[in-house]
Amino acid sequence: MAYNLLKGKKGIIFGALNDMSIAWHVAEKAYEEGAEFLLTNTPVSMRLGEIDELAKKCHTEVIACDATKEKDIEELVQTAIEKYGKIDFVLHSIGMSPNVRKKLSYDKLNYDYYHKTLDISAMSFHKVISVLKKHDAMNDWGSIIALSYVAAQRTLYGYNDMADAKSLLESIARSFGYIYGRESKVRINTISQSPTMTTAGSGIKGIDGLMDFTERMSPLGNATASECADYCITMFSDLTKKVTMQNLYHDGGFSNMGMSLRAMTQYNKSLNVSGNKEW
Ligand SMILES: NC(=O)c1ccc[n+]([C@@H]2O[C@H](COP(=O)([O-])OP(=O)(O)OC[C@H]3O[C@@H](n4cnc5c(N)ncnc54)[C@H](O)[C@@H]3O)[C@@H](O)[C@H]2O)c1
């Protein structure tokens, strides 16, 4: 059901690759809620993914942009300004770690890859905000969101150098949130989402087991990509105007749990099966 929450609002959505992508769901819902926006992704992802199909559905266009390249971001933001004037919302839904891809563990990182992880998954957020600010591209009370994960605060097996990238991403939201809020009333937040089965998600070591664990641990269960999109829409809307510089958990309660009955039951079962009587 649509509520016209984004009627008249304009934006840019980074990171829709295919219909599993969180950004894909955000674009569909933003369109339903009355927004107009540009879609963007890297040229490779545009070729390999299905973003053109999404653009057709949302009656918009796709602008190529590698979010690590300031020149690409400049061109994208210029296009948005020419098309819409100032804009109201931006979604940064970008993540990639070459170390994860190459299955290099955290104690044996390749440092060139590590730089790439941080550049793609975190510094790109700084670059995007910086270009938006330089061109005074955001309307007052505009909203900028990036997607994060609880591995920024807690160690989760297999998340590797992406944990460091998410810590940096969340810090950028706070540091830039102060400056952009003070100067132009633009709010900047991160949403810390449950593990979700997307192309990026499926790269995480042991994602199936992790999703089962977080599902059992969270009183409300894992949040889906579609539910994450709902939250992004509320954060882009005028209903959340005074929320800024926050890392907002959207994880069914997982981040505040220690142990749940459902998880404990499963854990005990596994100890029983192995014949371990320690518990
Ligand atoms: N899937 C999960 O479990 C999960 C959980 C929490 C947070 N997140 C975060 O959500 C965001 C979106 O990921 P997703 O799960 O929808 O997966 P996804 O694979 O669908 O999206 C990742 C996107 O990043 C884009 N990208 C990679 N390098 C880029 C670059 N240099 N410039 C521009 N775009 C680039 C890819 O093309 C892709 O569209 C990421 O930040 C991810 O870390 C995902």
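In this report, we go over the structure that sits alongside the text. Every value quoted in this text rests on a predicted model; they were computed, and no experiment measured them. (Residues numbered from 1 in each chain as written. Predicted model: local features only at pLDDT ≥ 70, side-chain atom pairs only at ≥ 80, totals over all residues. Heavy atoms only, no water.)

### Section: the pattern of salt bridges
Per the stated rule, a full pass over the model turns up 13 salt bridges. With a shortest N-O distance of 2.6 Å, K57 and E28 are connected by a salt bridge. Here the residue K57 occupies a position in helix α3 (residues 51-57), and E28 occupies one in helix α1 (residues 22-32), the gap between them amounting to 29 residues. According to the relative accessible area criterion, E28 is partly exposed, its value standing at 23%. D66 is the salt-bridge partner of K69, the closest N and O atoms lying 3.9 Å from each other. Shared partners join several salt bridges into a network, and the residues in it are K133, R182 and E183. (Salt bridge = Lys/Arg side-chain N within 4 Å of Asp/Glu carboxyl O. Helix = DSSP H or I, 4+ residues; strand = E, 2+ residues; numbered from the N terminus. Buried < 20%, exposed > 50% of the residue type's maximum accessible area, 1.4 Å probe, protein only.)

### Some words on the packing of helix α4 (residues 70-84) against helix α6 (residues 111-134)
Close contact between α4 and α6 brings their axes to 10 Å; oriented N to C, the two are set at 45°. Taken together, the axis directions place α4 and α6 in an arrangement best described as oblique. You can see that α4 and α6 cross each other, and the crossing is right-handed. When α4 is examined against α6, the residues E70, I73, E74 and V77 are found in contact with a partner set consisting of K127, V128, V131, L132 and K134. Residue composition of the contact of α4 with α6, grouped by class: five nonpolar, no polar and four charged. (Axes fitted to C-alpha atoms, helices over the stretch in contact; angles between N-to-C directions. Parallel < 35°, antiparallel > 145°, perpendicular 65-115°, else oblique. Left-handed = near helix turned anticlockwise from the far one by under 90°. Contact = heavy atoms within 4.5 Å. Nonpolar A, V, L, I, M, F, W, Y, C, P; charged D, E, K, R; others polar.)

### Let's talk about the nonpolar core
Core analysis: the biggest nonpolar cluster contains 48 residues, and F14, V90, F125, L132 and I144 have the highest contact counts within it. Mapped by element, the contributors of at least two residues to this core are β1 (10-14), α4, β4 (87-92), α6, β5 (138-148), α7 (162-184) and α8 (207-217). If one sorts the elements of this core by residue count, α7 sits on top with eight residues. If near-sequence neighbours (up to four positions away) are discounted, I144 is found in contact with V90, F125, I129, L132, M138, Y180, V186, R187, I188 and N189. Listed in part, the 30 residues of the second largest apolar core include L6, I22, V62 and L91. (Core = buried A, V, L, I, M, F, W, Y, C linked by side-chain atoms within 4.5 Å.)

### Focus on empty space enclosed by the protein
A full pass over the atoms with the stated rule returns one cavity of 30 Å³ or more. Its volume calculated, the largest cavity comes out at about 50 Å³. Together, Y149, V150, S192, Q193, S194, P195, T214, N222, D251 and F254 line the largest cavity. Per-class residue counts for the lining of the largest cavity are four nonpolar, five polar and one charged. (1 Å grid on protein atoms, 1.4 Å probe; cavity = no way out; pocket = protein on both sides within 12 Å on 5 of 7 lines; lining within 4 Å. Points joined across faces, edges and corners; volume = space filled by probe spheres on them.)

### Brief notes about the site of the ligand
With respect to spatial proximity, 26 residues lie near the ligand, and among them S21, N41, S45, T196 and T198 are the closest. Between the ligand and I22 there is a distance of 2.9 Å, counted from an oxygen atom to a backbone nitrogen or oxygen. Between the ligand and the protein, one listed contact pairs a nitrogen atom with a backbone N or O atom of A67 at 2.9 Å. Expressed as a share of its isolated accessible area of 820 Å², the protein-covered part of the ligand is 94%. In terms of residue class, the shell around the ligand is built from ten nonpolar, 14 polar and two charged. (Near = heavy atom within 4 Å. Polar contact = N/O pair within 3.5 Å; in protein donor to acceptor, adjacent residues only side chain to side chain. Areas by Shrake-Rupley, 256 points an atom, 1.4 Å probe, with all protein chains shown as cover.)

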